[in-house]
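# Coordinate inspection notes
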Amino acid sequence: MTPFDLSGKTAIVTGSSKGIGRSIAEHLARAGAQVVISSRKEGPCQQVVASIRQEGGQAAAIPCNVGRKDEVENLVSETRRLLGPIDILVANAAVNPYYGPLVEISDAAFHKTMDTNILSTIWLAGLVKPDMVARGGGSIILISSVGGLRASPNLGAYAISKAADFQLTRTLAAEMGADKIRVNCIAPGLVKTDFAKVLWDNPVARKMAENSLPLGRLGESDDIGPAALYFASDASQWVTGQTLVIDGGSTIVAPSTTE
Ligand SMILES: NC(=O)c1ccc[n+]([C@@H]2O[C@H](COP(=O)([O-])OP(=O)(O)OC[C@H]3O[C@@H](n4cnc5c(N)ncnc54)[C@H](OP(=O)(O)O)[C@@H]3O)[C@@H](O)[C@H]2O)c1
């Protein structure tokens, strides 16, 4: 049997109606997991569920805004009711409600960023932990960003939340290791999704970004999905608390060549 096999496992992937989350959900489903597709809007989630079922996979849609605690609690309890105990959590959904100097951000926008991007992951980890303990282990995966590795002018609060993911990963991994719950993180570079459209959807910006990358192209969502499968499965059974950067090499070149 391949160490990537997820037969009999149940996974929640937040923000999985499109983009990186969708690719992650599809890769987990193809490896045999039952997958909960979740985002704020139910319609797009149902479309992903239909497409996974068409491929022979198992999936269910449960809408949830991860910034709302009652909806996060419902996501976990509905997953248990529909599919059973949770083995894998992918905390992928994130928001960036503000663009501009950090000192000018409103308190509301700052709190929304931290609640949705960080506090929600703490809620989710606490809610799925009892299932994982009862099952003898589990895997939690955080989706961060290379934006958390360097100063990101005008994206300050978002980047702070993404830097916090690295430490949150280490903290949860240390606290949950004795229960055989592994916690790891993926930090993507620029991936061609709606979320990052402003950074790649015009020929000049795109060419500049491509030229700055050792691998010469921007990321696709399917560049990230397989890495989540690695962390979700026994293939990574002795790996915890780690962050994997997947960025076409953007962070290995000197800043002067990436401007
Ligand atoms: N694209 C990049 O270049 C890039 C780079 C580094 C890191 N990332 C990270 O990758 C993750 C996914 O981003 P993406 O690029 O794949 O974005 P995307 O294509 O825009 O997809 C975002 C997904 O999250 C859902 N979502 C948004 N706000 C939500 C909320 N409050 N609660 C629950 N679901 C929510 C969206 O659906 P609804 O609108 O229906 O809620 C959608 O399913 C994020 O954590 C982002 O920070 C992206």
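Nothing here was measured: the structure is a model prediction, and the numbers come from that model.

What counts as what
Residues numbered from 1 in each chain as written. Predicted model: local features only at pLDDT ≥ 70, side-chain atom pairs only at ≥ 80, totals over all residues. Heavy atoms only, no water. Helix = DSSP H or I, 4+ residues; strand = E, 2+ residues; numbered from the N terminus. Buried < 20%, exposed > 50% of the residue type's maximum accessible area, 1.4 Å probe, protein only. Contact = heavy atoms within 4.5 Å. Areas by Shrake-Rupley, 256 points an atom, 1.4 Å probe, with all protein chains shown as cover. Lys, Arg positive; Asp, Glu negative; His and termini not counted. Charge placed at Lys NZ, Arg CZ, Asp CG, Glu CD. Phe/Tyr/Trp six-rings, centres within 6.5 Å; stacked < 30°, edge-to-face > 60°. Near = heavy atom within 4 Å. Polar contact = N/O pair within 3.5 Å; in protein donor to acceptor, adjacent residues only side chain to side chain. Nonpolar A, V, L, I, M, F, W, Y, C, P; charged D, E, K, R; others polar. Axes fitted to C-alpha atoms, helices over the stretch in contact; angles between N-to-C directions. Parallel < 35°, antiparallel > 145°, perpendicular 65-115°, else oblique. Left-handed = near helix turned anticlockwise from the far one by under 90°.

Okay, the overall build of the protein chain next. Assigned secondary structure in the protein chain consists of 8 helices and 7 strands. Expressed along its principal axes, the backbone C-alpha trace of the protein chain runs to roughly 50 × 40 × 40 Å. For the protein chain, with 259 residues in total, the buried portion stands at 49%. Across the protein chain, contacts joining residues at least 24 apart in sequence account for 71% of those joining residues at least 6 apart. Roughly 12,200 Å² of accessible area belongs to the protein chain as shown, and the carbon and sulfur atoms make up 55% of that amount. With 24 positive and 25 negative side-chain charges, the protein chain shows a separation of 2 Å between the mean positions of the two kinds.

Attention now goes to the packing of aromatic side chains. Enumeration according to the criterion identifies 2 aromatic pairs in this entry. Judged by centre distance (5.7 Å) and plane angle (50 degrees), the ring pair of Tyr158 and Phe195 falls under tilted. Within this pair, whereas Tyr158 is found in helix 5 (residues 156–176), its partner Phe195 is found in the loop between strand 6 (181–188) and helix 6 (197–200), the two being separated by 37 residues in sequence. The class of Phe195 is partly exposed, set by a relative accessible area of 47%.

A few words on the site of the ligand. Near the ligand you find 30 residues, and of these Ser17, Arg40, Asn92, Tyr158 and Thr193 are the closest. The contact in question runs from an oxygen atom of the ligand to an N or O atom on the side chain of Arg40, over 2.7 Å. For the ligand, a nitrogen atom lies 3.0 Å from a polar atom in the backbone of Val66. Burial of the ligand by the protein chains amounts to 94% of its free accessible area of 890 Å². Looking at the shell around the ligand, the elements that each hand over two or more residues are helix 1 (19–30) and helix 5. Split by residue class, the shell around the ligand holds 13 nonpolar, 12 polar and 5 charged.

A separate point is the packing of helix 1 against helix 8 (residues 225–232). Look at helix 1 against helix 8: their axes get within 8 Å of each other, and the N-to-C directions meet at 50 degrees. Classified by the angle between their axes, helix 1 and helix 8 sit oblique to one another. The handedness of the crossing between helix 1 and helix 8 is right-handed. Contacts between helix 1 and helix 8 involve Ser23, Ile24, His27 and Leu28 on the former and, on the latter, Gly225, Pro226, Ala228, Leu229 and Ala232. Its residues placed into classes, the contact of helix 1 with helix 8 shows 6 nonpolar, 3 polar and no charged.

When you line up the elements, Thr116 lands in helix 4 (residues 107–134). The exposure class of Thr116 is buried, given its relative accessible area of 7%. With 22 residues separating them along the chain, Thr116 and Ala94 place their C-alpha atoms 6.1 Å apart. When sequence neighbours within four positions are dropped, the list of residues in contact with Thr116 reads Val66, Gly67, Ala93 and Val95. Within the structure, the side chain of Thr116 is placed 2.8 Å from the backbone oxygen of Lys112, a separation counted as a polar contact.

Geometric values such as these leave the question of function open.
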